[in-house]
Amino acid sequence: MNHFDVAVIGSGPSGASAAFHLAKNGISTVIIEKETLPRYKTCGGGFVYRGRKDLPFSIDSVVEREFNTVDVYLGKKLHFKTERKDPIITMIMRDSFDNLIVEKAKEMGVTILQGNKLKSIEHQSDKIILTTSQQTITAKFVIAADGALSPTAKMAGWKTDTRFLIPALEYEVKVSDEEFKRHVDEVRFDMDAIPFGYAWNFPKKNHLSVGIASARRTKINLKKYYQEYVQHIGLKDIISETQHGFQIPVAARTDGFVKNGVFLTGDAAGFADPVTAEGISNAIYSGMLAARAIAEADLNMSEAEKLYMEKLNEKLIPELKTGEWLAKFFYEQKTIRNLLLKKYGQRFSEAMADIFMGDRSYPTDIKKRMTQKIKELVF
Ligand SMILES: Cc1cc2nc3c(=O)[nH]c(=O)nc-3n(C[C@H](O)[C@H](O)[C@H](O)COP(=O)(O)OP(=O)(O)OC[C@H]3O[C@@H](n4cnc5c(N)ncnc54)[C@H](O)[C@@H]3O)c2cc1C
């Protein structure tokens, strides 16, 4: 069979989640993936609890570690610790994590075409023709879940890229057993470890994922800041470290998320959190929304497109807009931000933990609230 109701391009969390929910609703679905699975994906692999809530199956088999506490540092002076009953962040490796969701989608009846790179999309009156490196298939709908570079969006007519992509560098670091013991119990974020950005140290089962991201697209020597960070957290006895660099889209597209039966999800749409650059949970969520829209519309194209936009506008888009404003303030207005953090840092960290847990989203009146707090500080 080479005709499907929906062709999903990409088998990351957004694509696999979309495919799972489509097949669950009895919709014939194919995932087209250019790599051979399971594939490595450059990522810190910190999976926040709100994403876990959106997965209708256990991920226990791929959990590397779970952290009920998170430590946020600002330089050497400020340190905030938050704690929750359930794991705020679960550590996973993306090859096995993504593959687990794909396997769950497969159990639902999804066809997987791996080693198939999408090369072109052509619209005909009643179907979309997709040519891959291996074959041609047809579908009524396409879900673009092909990540930060999203060639599918380009092929489908998004001519300019209105997302904002930031550079990030991540290292898989193996250290001696003794050194590992010193770091294994703490998941930490260090604000300002790099100008306009942050660094992290995420302990996995047997190694550390250490990384650095800049919220600005200026020419910046990420490697140098990574090396400084390694010293800052006292990481010694390194046995090996492998470097991986990529981009994270931290501002959603401004020219729509759906066009002629092609739906953008996850990084292809620009749905990573603008403050933390955490993108797995919104990838899973947006994949689920696209699937639900298509299912609820009973494969009616204009209805599905309308429903997808409505679902995105319910929560995700307003949240991302507020996040974009907050990220600008947070990374660009350091003096006033640091004054605020001195006074309200613990409260801010608790709020971020609540967002990670999915217990609240960014307040839509954030500008007003921040202005009020700044006035209280200054006057
Ligand atoms: C250094 C770094 C660290 C990060 N750390 C974290 C973190 O700790 N926590 C977190 O939540 N987020 C993190 N992120 C962000 C997170 O990785 C992304 O937001 C997330 O992977 C987006 O998922 P996705 O499904 O949209 O796309 P991806 O996971 O990128 O999946 C896209 C898939 O599409 C496939 N593909 C691409 N082109 C084609 C084609 N032409 N044909 C067929 N298949 C194709 C790719 O092979 C890939 O499998 C990090 C990102 C980076 C760069």
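Residues numbered from 1 in each chain as written. Predicted model: local features only at pLDDT ≥ 70, side-chain atom pairs only at ≥ 80, totals over all residues. Heavy atoms only, no water.

- Under an unreviewed UniProt entry, the name given to the chain is NAD(P)/FAD-dependent oxidoreductase, and the source organism is Asprobacillus argus.

### With respect to the domain arrangement of the chain
Interface size is commonly expressed as the accessible surface area that is lost when the partners come together.
Point 1. Under the domain assignment, the chain is made up of domain 1 (3–65 + 88–162 + 251–319), domain 2 (165–249) and domain 3 (333–378).
Point 2. The gap between the C-alpha centroids of domain 1 and domain 3 is 32 Å.
Point 3. Counting residues at the interface gives ten residues for domain 1, matched by nine residues for domain 3.
Point 4. Each partner contributes to the roughly 980 Å² buried at the junction of domain 1 and domain 3, and carbon and sulfur atoms together form 69% of this total.
Point 5. Applying the counting rule to domain 1 against domain 3 returns one salt bridge.
Point 6. Between Asp 359 and Lys 53 there is a salt bridge, with the nearest N and O atoms lying 3.2 Å from each other. (Domains from an automatic or database assignment. Contact = heavy atoms within 4.5 Å. Buried area = accessible area lost by both parts, 1.4 Å probe. Salt bridge = Lys/Arg side-chain N within 4 Å of Asp/Glu carboxyl O.)

### Remarks on the packing of aromatic side chains
Point 1. Applying the stated rule across the entire model yields 13 aromatic pairs.
Point 2. With a centroid separation of 5.8 Å and an interplanar angle of 50°, the aromatic rings of Tyr 198 and Trp 200 are classed as tilted. Exposure class is identical for Tyr 198 and Trp 200. Each is buried.
Point 3. When the centroid spacing of 5.4 Å and the interplanar angle of 50° are considered together, the rings of Phe 263 and Tyr 308 count as tilted. Separated by 45 residues along the polypeptide, Phe 263 in strand E18 (residues 262–264) and Tyr 308 in helix H9 (residues 301–314) bring together distant segments of the chain. Both residues of the pair, Phe 263 and Tyr 308, count as buried.
Point 4. Seen from the ring of Tyr 285, Lys 315 lies directly overhead, with NZ or CZ sitting 4.9 Å from the centre. (Phe/Tyr/Trp six-rings, centres within 6.5 Å; stacked < 30°, edge-to-face > 60°. Buried < 20%, exposed > 50% of the residue type's maximum accessible area, 1.4 Å probe, protein only. Helix = DSSP H or I, 4+ residues; strand = E, 2+ residues; numbered from the N terminus. Lys NZ or Arg CZ within 6 Å of the ring centre and 35° of its normal.)

### Observations concerning the packing of helix H8 (residues 280–296) against H9
Point 1. Where H8 contacts H9, the axes come no closer than 8 Å and their chain directions differ by 145°. The two elements H8 and H9 meet at a crossing, and its hand is right-handed. Counted together, Ser 286, Leu 289, Ala 290, Arg 292, Ala 293, Ile 294 and Glu 296 of H8 and Ala 304, Leu 307, Tyr 308, Lys 311 and Leu 312 of H9 form the full contact between these two elements.
Point 2. When the residues that make up the contact of H8 with H9 are grouped by side-chain class, the tally is eight nonpolar, one polar and three charged. (Axes fitted to C-alpha atoms, helices over the stretch in contact; angles between N-to-C directions. Left-handed = near helix turned anticlockwise from the far one by under 90°. Nonpolar A, V, L, I, M, F, W, Y, C, P; charged D, E, K, R; others polar.)

### Some remarks on the nonpolar core
Point 1. Counting residues in hydrophobic clusters, the biggest one holds 72 residues, and the most contacted among them are Phe 97, Leu 130, Phe 271 and Tyr 308.
Point 2. With ten residues, H8 is the largest single contributor of residues to this core.
Point 3. With sequence-adjacent residues up to four places away left out, Leu 130 is seen in contact with Ala 7, Ile 9, Leu 118, Ser 120, Ile 121, Gln 135, Thr 136, Ile 137, Thr 138, Ala 139 and Val 142.
Point 4. Counting 43 residues, the second-largest nonpolar core is a separate cluster that includes Phe 67, Ala 168, Tyr 331 and Tyr 344. (Core = buried A, V, L, I, M, F, W, Y, C linked by side-chain atoms within 4.5 Å.)

### Details of the side chain of Thr 152
Point 1. Looking at the secondary structure, you find Thr 152 in helix H4 (residues 151–155).
Point 2. Dropping the residues within four chain positions of it, Thr 152 is found in contact with Ile 9, Leu 118, Ile 121, Val 142, Ala 144 and Asp 146.

### Examining the site of the ligand
Point 1. Near the ligand there are 39 residues, and of these Ser 14, Glu 33, Gly 46, Arg 94 and Asp 267 occur at the shortest range.
Point 2. At 3.4 Å, a side-chain N or O of Lys 41 approaches an oxygen atom of the ligand.
Point 3. The separation between a nitrogen atom of the ligand and a polar main-chain atom of Gly 44 is 2.8 Å.
Point 4. With the chains in place, 95% of the 1000 Å² that the ligand exposes on its own is no longer accessible. (Near = heavy atom within 4 Å. Polar contact = N/O pair within 3.5 Å; in protein donor to acceptor, adjacent residues only side chain to side chain. Areas by Shrake-Rupley, 256 points an atom, 1.4 Å probe, with all protein chains shown as cover.)

### Structural notes on the pairing of strand E6 (residues 78–83)
On any regular strand, side chains alternate: one points to one face of the sheet, the next to the other face.
Point 1. The two faces of E6 differ: Leu 78, Phe 80 and Thr 82 on one face are buried, but His 79, Lys 81 and Glu 83 on the other face are not.
Point 2. Bridging between strand E5 (residues 69–74) and E6 involves six bridges; their strand directions are antiparallel. Its bridge partner being in E6, Leu 74 is matched across the sheet by Leu 78.
Point 3. The hairpin formed by E5 and E6 contains three residues between the paired strands, and Gly 75 there has a positive phi angle of roughly 60°. (Pairing = 2+ DSSP bridges.)

### So, the sheet that holds strand E12 (residues 165–175)
Point 1. What the seven strands build is an open sheet, ordered E6-E5-E13-E14-E15-E12-E16; its pairing is mixed. Two strands close off the open sheet at either side, each with one partner strand: E6 and strand E16 (238–249). Adjacent strand axes in the sheet meet at a mean angle of 15°, parallel and antiparallel pairs treated alike.
Point 2. In terms of strand pairing, E5 meets strand E13 (residues 188–191) through four bridges, oriented parallel. Bridge pairing in E13 places Val 72 opposite Phe 189.
Point 3. Contacting E12, E13, strand E14 (197–203), strand E15 (208–214) and E16, helix H6 (residues 222–232) crosses the sheet at an angle of about 45° to E12.

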